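Structural overview
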Amino acid sequence: MTKIATIEYVQRRAALLQQLPVGAVVVIHCAAAQIRNGDVEQDYRQNSSFYYLSGMVEPHTTLVLVNSVDGPRSIIFCRSKDKLQEIWHGRRLGVDAAPEALMVDEAYVSETLPQQLVELLDGATQVVYRFSQDESIELVQQSLVKLRRLSRQGKVCPTQLVDLDPVLDAMRLIKSVAEIEQMTQACNISVAAHKRAMRQCKVGMYEYQLAAELHHQFSVQGSQRVAYGSIVAGGDNACILHYTNNDQRLQDGDLVLIDAGCELDHYASDITRTFPVNGHFSEPQKIIYQIVLAAHEAALACIKPGAVYTDMQDAAVTVMVQGLINIGLLSGTLEANIEDQSYRQFYMHNIGHWLGMDVHDVGAYKAGGESRPLLPGMITTVEPGIYIDPEDMTIASQWRGIGVRIEDNILVTEAGYRNLTGDLPVSVADIERLMAS
Ligand SMILES: [Mn+2]
């Protein structure tokens, strides 16, 4: 499996600095380690934006980029080598190996950062850091106070504070060739896992047992972790949008909705399929499923450079509302139902979200108050759904408790789009065929 080459991190740092004025200094921290209980830590997962610029997986690390007149400087502050700590907790890169491994100019131990940052910020025009990151806010503030105090010794304190996130988020939104390759691999693993789940699904299984089939396949194929908590929702549990208890038995005659995706080298995938536990859709299930599938196809058909996010939502809503009118779950005209959003009773979320290093990836959905145009290199999910309240006695019993969502991961291309998860069966016939095999 290919990984993103170290040189790409160098290119990202250069591309970032090109957008900043000479004299700018960027400070970005890694994710803080979290205590689980006692002296046991939560599994560590690097902060995506930090990893995007550094390729560094270790905690207690900070990256500083200096856009100096003499050219850019990249400096990593990381943990020192420590035999005893490494025996207990694992290998460390260390400052000697860091410059070559990460292709940065200099490396120092983390403990020297507060002192060195004061020196690095002396004479800088602006400090660029994440306004959302407590460690950076604190450290930058302390450094500025120190510099101010030293003004009579000729130190010059920067006067501009700039948020790094909008610049970095815009970069992360457009995926590079290597990122697309990485996400294609993540999607392939998740497709294989969903196929395995469809094949292994049996009446009477627990939802967590079906989840285990997915997770097994993720791990076997090299994924480090799930991209988010897996949803395996049998029957009307599918009507709970973020159901993650996964502790019920799968019943004969019910559907099961699986929303799960692996993470591969810090890149996410995010797939949903809904299929019959016993391998055969009932008539009412099939009818709802076909409406969602038609909405899914209508949304996909909109995707091309220049289309906007709301085009997908509008297309999916139109198809689902008409479908719900046709079967009597909504009354009145198409236009009136769209206008008063009565369909929100059955479809209460949006059509999708950006996908990248984070499952709900960074990047603005609007520009200048308007839905932004799609561009090649963007990756989005498309995930319409219909969820029929199991407790709503005004609805005919045959529909109650049916929950269907269909979600694929879509790369916007010059020509239109590429469905990165399109190898996973989605039609009723293809799903039933796979489950029978
Ligand atoms: Mn999603």
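Computed from a predicted structure; not experimentally measured. Residue numbers run consecutively from 1 along every chain, following the written order of its sequence. Local features in this predicted model are restricted to residues whose pLDDT is 70 or higher, and side-chain atom pairs enter the listing and the counts only when it is 80 or higher, whereas totals over whole chains, interfaces and linings include all residues.

It is worth spelling out the overall build of the chain at this point. Here a helix means four or more residues in a row that DSSP labels H or I, a strand means two or more in a row labelled E, and each is numbered from the N terminus. Helices and strands together make up the secondary structure of the chain, namely 13 helices and 21 strands. Across its three principal axes, the chain shows a C-alpha extent of roughly 80 × 50 × 40 Å. Among the 437 residues that make up the chain, the fraction classed as buried is 41%. Here a residue counts as buried when 20 or more other C-beta atoms sit within 10 Å of its C-beta, as exposed when there are 12 or fewer, and as partly exposed otherwise, the C-beta atoms being derived from the backbone.

With that out of the way, let us pick up the packing of helix α8 (residues 177-200) against helix α13 (residues 428-436). Axis separation between α8 and α13 bottoms out at 7 Å; the angle between their running directions is 65°. Accordingly, the angle class assigned to the pair α8 and α13 is roughly perpendicular. Crossing of α8 over α13 shows right-handed handedness. Contact residues: α8 offers Lys 195, Met 198 and Arg 199, while α13 offers Ile 431, Leu 434 and Met 435. Charged means Asp, Glu, Lys or Arg here, nonpolar means Ala, Val, Leu, Ile, Met, Phe, Trp, Tyr, Cys or Pro, and polar covers whatever is left, Gly included. Class assignment of the residues belonging to the contact of α8 with α13 gives a composition of 4 nonpolar, no polar and 2 charged. Angles shown run from 0 to 180 degrees and are taken between the N-to-C directions of axes, each axis being a line fitted to C-alpha atoms and, for helices, limited to the stretch in contact. Should an angle fall under 35 degrees it is taken as roughly parallel, and over 145 as roughly antiparallel, whereas 65 to 115 is taken as roughly perpendicular and any remaining angle as oblique. Whether a crossing is left-handed or right-handed is set by the direction in which the near helix is turned from the far one by less than a right angle, anticlockwise for left-handed and clockwise for right-handed. Here contacts are defined at the residue level, using C-beta atoms placed from the backbone and a cut-off of 7 Å between them.

A pair of strands is treated as paired once DSSP finds two or more bridges between them. Within the open sheet, the 6 strands sit side by side as β6-β5-β4-β1-β7-β8. Their pairing is mixed. Two strands lie at the open edges of the sheet, namely β6 (106-109) and β8 (160-163), each paired on one side alone. Across the sheet, the mean angle from the axis of one strand to that of its neighbour is 20°, orientation sign disregarded. Note: strand β4 (residues 62-68) against strand β5 (residues 71-78), 7 bridges, orientation antiparallel.

One finds Val 26, Ile 76, Val 256, Met 320 and Ile 386 to be the most contacted residues of the largest nonpolar core, which totals 115 residues. These domain limits were set by an automatic method or by a database of domain assignments. In this structure, this core is formed jointly by two domains, domain 1 (6-172) and domain 2 (174-436), each of which donates at least three residues. Each residue touching Met 320, except ones within four places of it in the same chain, is listed here: Ile 291, Ala 295, Tyr 343, Tyr 347, Pro 384 and Ile 386. By convention in this section, buried Ala, Val, Leu, Ile, Met, Phe, Trp, Tyr and Cys residues joined through C-beta atoms within 7 Å make up a nonpolar core.

Okay, the domain arrangement of the chain next. Split into domains, the chain comes out as domain 1 (6-172) and domain 2 (174-436). With 10 residues of domain 1 at the contact, the number on the domain 2 side is 11 residues. Here the element with the most residues in the side of domain 1 that touches domain 2 is helix α7 (residues 165-173); it accounts for 4 residues. Here the side of domain 1 that touches domain 2 is composed, by residue class, of 4 nonpolar, 2 polar and 4 charged.

Counted residue by residue, strand β1 (residues 24-29) has 6 buried out of 6 residues, so it is predominantly covered. Residue alternation in β1 divides its side chains into two sets, Ala 24, Val 26 and Ile 28 and Val 25, Val 27 and His 29, and both sets are buried. With 4 bridges joining them, β1 and strand β7 (residues 126-129) adopt parallel strand pairing. Bridge pairing links Val 25 to Val 127 in β7. One ladder, built from 5 bridges, connects β1 with β4; its direction is antiparallel. In the sheet register, Val 26 faces β4, and the bridge partner there is Leu 65.

Moving on, we come to the sheet that holds strand β10 (residues 231-234). Remark on secondary structure: sheet strands pair via backbone hydrogen bonds, oriented parallel or antiparallel. Spatial ordering of the open sheet is given by β10-β11-β14, a layout of 3 strands whose pairing is antiparallel. The open sheet has two free edges, formed respectively by β10 and β14 (271-276), since each of these has just one partner strand. In this sheet, neighbouring strand axes are inclined to one another by 10° on average, regardless of whether the strands run parallel or antiparallel.

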